[in-house]
There are 2 protein chains.
Amino acid sequence: MSKVDLLGRRNFIKGVGAAAGVAVAAPVLAVSEKATDVSWDKEVEVLIIGSGFAGLAAAIEATRKGAKDVHIFEKMPYFGGNSAINGGLFAAPGTPMQQQEGVKDSVEQMVADQLKSGRGIADEELLRHVASHAVEALQMTLDAGAEYHPYLQQLGGHSVARTYQTAVSCGAGITQPLYKECQRIGVKTHNRSKFEGFVLGKDGRVEGVKMRQGYYFGEEDSGKLVYIKSKRGVLMATGGFAQNIGLRMAQDPTLTHEVGCTNTPGATGEGMLEMFRLGAVPVHLAHIQSGPWASPDEGGFGYVSNYSIFNFPHSIAINRMTGKRFMNEIADRKTRADAELACRDAKGEPLPPILITSYKDSKQHPNTAKVLKYNVGWKFDSLEALAKHFEVPLKPLKAQIEEYNRYVNSGEDKQFGKNMTKAKDKYIEAPFTVVRLWPKVHYCQGGVQVNTKAEVKDSLTGKPVAGLYAAGEVCGGIHGVSRLGSCSIPECMVMGMTAARSMMQA
Amino acid sequence: MSKVDLLGRRNFIKGVGAAAGVAVAAPVLAVSEKATDVSWDKEVEVLIIGSGFAGLAAAIEATRKGAKDVHIFEKMPYFGGNSAINGGLFAAPGTPMQQQEGVKDSVEQMVADQLKSGRGIADEELLRHVASHAVEALQMTLDAGAEYHPYLQQLGGHSVARTYQTAVSCGAGITQPLYKECQRIGVKTHNRSKFEGFVLGKDGRVEGVKMRQGYYFGEEDSGKLVYIKSKRGVLMATGGFAQNIGLRMAQDPTLTHEVGCTNTPGATGEGMLEMFRLGAVPVHLAHIQSGPWASPDEGGFGYVSNYSIFNFPHSIAINRMTGKRFMNEIADRKTRADAELACRDAKGEPLPPILITSYKDSKQHPNTAKVLKYNVGWKFDSLEALAKHFEVPLKPLKAQIEEYNRYVNSGEDKQFGKNMTKAKDKYIEAPFTVVRLWPKVHYCQGGVQVNTKAEVKDSLTGKPVAGLYAAGEVCGGIHGVSRLGSCSIPECMVMGMTAARSMMQA
């Protein structure tokens, strides 16, 4: 029987991204095929697409629940996806470290912080589901051997310190232990394996997938097509689309290829697009988050991002035109990114603001040495030298620092209402370390709609698509307009674990 | 050969909307079928789905360009769609009435106003395309016999007066003349005809559609299925999804069935959802506009909406808790809707603000008599009586009116920067007419991505889907976060005309 190919094979020369003039992988996907029209090359028990936090957590959880034949497929040559290069920040309420540090917190408080940042359109039920299971997910990483800094951080938009960070200040501090755990318990992992479409049973159930194995990223004809059937369904843990220039520009025309991006090149979103073709509900694609902690002086997430995330609570961000602060340095990401983008010179051209930190405080973070070494941060012995270097008016800058130091003393920021708890006794004084700030595209709040079982809703029937699950950044709606920092890892892991439980119960 | 039905026929009991507990039409659509698998019942030259502004304008334009066999299919029993009950407001730059009134305007100025309201993510190219052809579209309505009030209005967010309004203050003042014109020139119109899916050629071209004829809205099995082939392609002019409760709640959980809506029951968005299944790019679905001119005292668009749109320039909106103004009465729709929603009593419950107008000015609009007759507006001879009726603190209210009247005199609003041109000499004084304000869901900025040829982009190839066109509210992205009032009719008509030209050239 011949292969069904409703839309025909197009000349797959250029993808959405390429249409914007940027070389990205041209997506090569057909629409869904019928199970009766394909001959299966292989059958597995649990089929997971994507090897980031969500995929890895799902594989481990499925195995714990009794699955014997779990497979992870990853299109890139390396495992870990975009998760491996994120900041390694993990928020959870009610952790042992919070107890040690005397921080009072709860699931409801974390949900309330996230709802605020979501600006009224976050999915409260999903947020509560994730926050309720965050400690459990954190435990999974610890069991797998992940190591964390011995202190909590209070990130922008969080009302208390509740964020763990991996000792390597990077998501790889979690994905690598989870990957090793997968190996240990017998999960089969396949790299260079690109998802190319769903195969459906006659009742509409997702029975399996078409996969291009031996795939080289960017060479769309590379490798060999195989059909893989899955007994318990398919989990799409395929991540966001921050690197799909055409799609992100469709949502926000200002996010051209000239705008920096913290994501891996593989974050192009074909898995999500294919789910829309199956009937998944697109939610919040317009809400694309830029990281306010990034530097224009280095590529991707770089060294500055974690440096500034750590230092924001006891630093001041300065508009170089005025010499004054222009934002609460620990406001939520969208608030800060918007404030930074408004920093312009007299002609309206971007003028990246600077983040000034006392060297004595900044050097507590391991990235400070790297930031200085690679010339993406600078050290100054005097305010005069600093002001001269960045062409900041000295007098207002000096007055601003004196004013801010009074807030450090009083514990009350009368300019922007910043929570000064983590700034206690940390006066801004020479010598200083300074980095430049400019937002980079970081995270897609939008994606397919899922429920608290990680099931994907059909846009016409309103019911879950049988055999299909999704977890992680490929999903949309949970965070609303703006996701709080350190809330992605718990979401990815909890929803990955949730998908595994749903698959094992179905 | 048997019919292809990849997803199988589900038990079509409940749609997305119904899942939210509200009785709406359960969508009954299959995924696309192959032309080789169907037998055509009929072949037409131009096939248009939807009979609002876009569909009607397209039919007339296609005929003008030489089409001999143009068909419009409408799922409801009546023609005109949601367009027939909109406000009948038509913005265009460089019109005869602007010349008469001495208003300087240009395409670029209109585009600039819209870009501002779009908050950085509007589609400038599409906006310019529409503004450039708006006068042409206005002319089409005049040629068909549409009649307009003999004055221009300056609506919220517009920098000048550039808005015509039909003499009946309603979109039917345009759809009815256009419909009659269609009849006159031989366009075939079919009501009770529901689109149920695309039929594709083997090269992926949209060859035709599956249509349920003799359909009764809400009875999904009613009527008879037919396959209709189209020589020049299919235009989807199927409108927005403001009445699809499930889908709008997926984007904004606060837009429950308890929130009012100005749209016809048919605005459920299946046409858009079906295009997503074909691979159209979803854009800006999260941006759903609520009309700030609506009243909680009547259903739908009602009488108050046009009353207040006309009166805002020379009226004051008052927070009943404070007795003070709380917004620029002619700010863009989103700004005002957000400001109104923030009007709450001491317990945080909604407290709809009031719009106070001098009776002498309000009575210039024909709806004033109706508003008073149907008790959705009230007349007061004194401020004391007004304040008592609405439980507004009298002293600050009195002071506010005195202050505002000074702005009327000086021409400068020092509170909210309102453009006072249209308020000249219009002091707020007794007797007063008053209505209550509360936003209602009105318009979906989101939809499928189109280009300036009204072609629909494929999310994977980035190329237009052959044989498929879309126009009107079903499209997304053009207006960005917030559409300016009176900019929908020109968009619908220009893009409908554009689609017709593309079809006739293809």
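None of the values given here were measured: they were computed from a predicted structure.

## Topic: the sheet that holds strand β21 (residues 455-457) of chain A
Residue and element names in this part refer to chain A. As summarised here, the arrangement of the six strands in space is β7-β4-β3-β11-β22-β21, forming an open sheet in which the pairing is mixed. Only two strands of the sheet have a single partner each, and these edge strands are β7 (188-190) and β21. Looking at each pair of strands side by side, their axes are set apart by 30° on average, direction ignored. Sheet strands in contact with helix α8 (residues 270-278) are β11 (234-236), β21 and β22 (464-470), and its direction is about 170° off that of β22.

## A few points about the confidence of the model for chain A
Residue and element names in this part refer to chain A. On average, residues of chain A carry a pLDDT of 92, and 94% of them reach 70 or more. Predicted confidence is poor over residues 1-30, with pLDDT under 50, and the contacts of this stretch with residues over four places away or in other chains come to 90 contacts. The ipTM value of the predicted complex is 0.86, and its pTM value is 0.88.

## Section: the sheet that holds strand β10 (residues 224-230) of chain B
Residue and element names in this part refer to chain B. Read from one edge to the other, the open sheet built from five strands follows the order β1-β8-β9-β10-β2, with strand pairing classed as mixed. Since the sheet does not close on itself, it has two edges, and those belong to β1 (33-34) and β2 (42-44), each with one partner. Along the sheet face, helix α8 (residues 270-278) touches β8 (193-200) and β9 (206-213) and points at about 10° away from the line of β8.

## A closer look at the domain arrangement of chain A
In many analyses, interface size is given as the accessible surface area lost on bringing the parts together. Residues and elements named next belong to chain A. If you check the domain split of chain A, you get domain 1 (42-241 + 443-505) and domain 2 (293-438). One C-alpha centre belongs to domain 1, the other to domain 2; they are set 33 Å apart. Counting from both sides, the interface comprises 25 residues of domain 1 and, opposite them, 16 residues of domain 2. Each partner contributes to the roughly 1500 Å² buried at the junction of domain 1 and domain 2, and carbon and sulfur atoms together form 48% of this total. The tally of links between domain 1 and domain 2 comes to one salt bridge. With its nearest N and O atoms 3.2 Å apart, the salt bridge here joins Asp332 to Arg119. Put simply, domain 1 and domain 2 have six residue pairs in polar contact (both at pLDDT 80 or more) between them. By residue class, the composition of the side of domain 1 that touches domain 2 is eight nonpolar, 14 polar and three charged.

## Looking at the side chain of Ser290 of chain A
All names here are of chain A. Relative to the assigned elements, Ser290 resides in strand β13 (residues 288-291). A residue is classified by how much of its surface remains accessible, and Ser290, at 16% relative accessible area, is buried. The contact partners of Ser290, leaving out residues within four places of it in the chain, are Arg333, Ala337, Pro439, Lys440, Val441 and His442.

## Digging into the packing of helix α2 (residues 53-64) of chain B against helix α6 (residues 172-185) of chain B
Residue and element names in this part refer to chain B. Running from N to C, α2 and α6 cross one another at 30°; their axes reach a closest spacing of 10 Å. Between α2 and α6 lies a crossing of left-handed hand. Contact with α2, carried on its side by Phe53, Leu56, Ala59, Ile60 and Thr63, involves Ile174, Thr175, Leu178, Tyr179, Glu181, Cys182 and Ile185 of α6 and no other residues of that element.

## Regarding the state of the cysteines
By definition, a disulfide links two cysteine residues through a covalent bond between their sulfur atoms. All names here are of chain A. Applying the stated criterion to the full structure yields zero disulfides over all chains. Just so you know, Cys475 is unpaired, no disulfide at all, and the nearest cysteine sulfur is the one on Cys492, 8.6 Å from it. Classification of Cys475 by relative accessible area gives buried; the value is 4%.

## With respect to the nonpolar core
Membership of the largest hydrophobic core comes to 99 residues, with the highest contact counts inside it found for Phe90, Phe198, Met275 and Met493 of chain A. For this core, the element with the most residues is helix α15 (residues 488-505) of chain A, which contributes ten residues. With 97 residues, the next largest nonpolar core counts Met110, Cys182, Leu235 and Leu247 of chain B among its residues.

## Some words on the packing of helix α5 (residues 124-143) of chain B against helix α15 (residues 488-505) of chain B
All names here are of chain B. Look at α5 against α15: their axes get within 8 Å of each other, and the N-to-C directions meet at 90°. Comparing the axis directions of α5 and α15 gives the class roughly perpendicular. Across the interface between the two elements, Leu126, His129, Val130, His133, Ala134, Glu136, Ala137, Met140 and Thr141 of α5 pack against Pro490, Glu491, Met493, Val494, Met495, Met497, Thr498 and Arg501 of α15. Class assignment for the residues of the contact of α5 with α15 results in ten nonpolar, four polar and three charged.

## Topic: the environment of Arg192 of chain A
All names here are of chain A. As for its placement among the helices and strands, Arg192 is situated in the loop between β7 and β8 (193-200). Look at Arg192 and you get partly exposed, because its relative accessible area is 23%. With 104 residues separating them in the primary sequence, Arg192 and Pro296 have C-alpha atoms 32 Å apart. Each residue touching Arg192, except ones within four places of it in the same chain, is listed here: Glu74, Lys75, Met76, Pro77, Arg212, Gln213, Gly214, Tyr215 and Tyr216.

## Remarks on unusual backbone geometry
Residues and elements named next belong to chain A. Following Ala430, the chain continues into Pro431 via a peptide bond in cis, with omega recorded as -5°. Along the chain, the position of Pro431 falls in the loop between α14 (394-410) and β18 (432-436). Even without glycine at this site, Ser486 takes up a positive phi of about 70°. Locating Ser486 in the fold gives a position in the loop between β22 and α15.

## Regarding the pairing of strand β3 (residues 46-49) of chain B
Along any regular strand the residues' side chains alternate between the sheet's two faces. Residue and element names in this part refer to chain B. By the alternation rule, side chains of β3 split into Val46 and Ile48 and Leu47 and Ile49, which are all buried. Relative to strand β4 (residues 70-73), β3 runs parallel, the two being bridged by four bridges. Of the residues in β4, the one forming a bridge with Val46 is Val70. For the handedness criterion, the β-α-β arrangement of β3, α2 and β4 is classed as right-handed. As defined by bridge partners, β3 adjoins strand β11 (residues 234-236) across three bridges and the pair is classed as parallel. The residue bridging Ile49 from the neighbouring strand is Met236, located in β11.

## A closer look at the pairing of β13 of chain A
Residues and elements named next belong to chain A. Here β13 shows a buried face lined by Ile288 and Ser290 and a second buried face lined by Gln289 and Gly291. With four bridges connecting them, β13 and strand β19 (residues 440-444) associate as antiparallel partners. Bridge assignment links Gly291 to a residue of β19, and that residue is Lys440.

Rules of the game
- Just so you know, the residues in each chain are numbered from 1, in the order the chain's sequence is written.
- Each chain gets a letter, beginning with A, and each ligand a number, beginning with 1, in the order they are written.
- Given that this is a predicted model, residues contribute local features only at a pLDDT of at least 70 and side-chain atom pairs are listed and counted only at 80 or more, while totals for whole chains, interfaces and linings are drawn from all residues.
- Just so you know, side-chain values use all the structure's heavy atoms and leave hydrogens and water out.
- Only strands that DSSP links by at least two bridges are regarded as paired with each other.
- Put simply, DSSP marks the helices as runs of H or I at least four residues long and the strands as runs of E at least two long, and each gets a number from the N terminus on.
- All axes are obtained by fitting lines to C-alpha atoms, using only the stretch in contact for helices, and the reported angles, taken between N-to-C directions, cover 0 to 180 degrees.
- Any two residues having at least one pair of non-hydrogen atoms within 4.5 Å are treated as being in contact.
- The quantity called pLDDT is the predictor's confidence in a given residue, expressed from 0 to 100.
- For every domain, the bounds stem from an assignment made automatically or drawn from a database.
- Once two parts are put together, the accessible area they lose, assessed with a 1.4 Å probe and summed over both, is termed the buried area.
- Here, a salt bridge means any Lys or Arg side-chain nitrogen found within 4 Å of an Asp or Glu carboxyl oxygen.
- Any pair of nitrogen or oxygen atoms within 3.5 Å is treated as a polar contact; in protein, a donor-acceptor pairing is required on top of that, and neighbouring residues in sequence qualify only through side-chain atoms on both sides.
- Under the grouping applied here, Gly and all other residues not named as nonpolar or charged are polar, the nonpolar ones being Ala, Val, Leu, Ile, Met, Phe, Trp, Tyr, Cys and Pro and the charged ones Asp, Glu, Lys and Arg.
- Each residue's exposure class comes from its accessible area (1.4 Å probe, protein chains only) as a fraction of the maximum for that residue type: buried when under 20%, exposed when over 50%, partly exposed otherwise.
- Crossing handedness is read from the near helix: turned anticlockwise from the far helix by less than a right angle, it gives a left-handed crossing, and turned clockwise, a right-handed one.
- By convention in this document, the label disulfide applies to cysteine sulfur atom pairs within 2.5 Å.
- To form a nonpolar core, buried Ala, Val, Leu, Ile, Met, Phe, Trp, Tyr and Cys residues must be joined to one another through side-chain atoms within 4.5 Å.
- In these notes the angle categories are as follows: under 35 degrees is roughly parallel, over 145 is roughly antiparallel, 65 to 115 is roughly perpendicular, and the rest is oblique.
- A crossover counts as right-handed when, viewed with the strands pointing away from the observer, the path leading from the first strand over the helix to the second turns clockwise.

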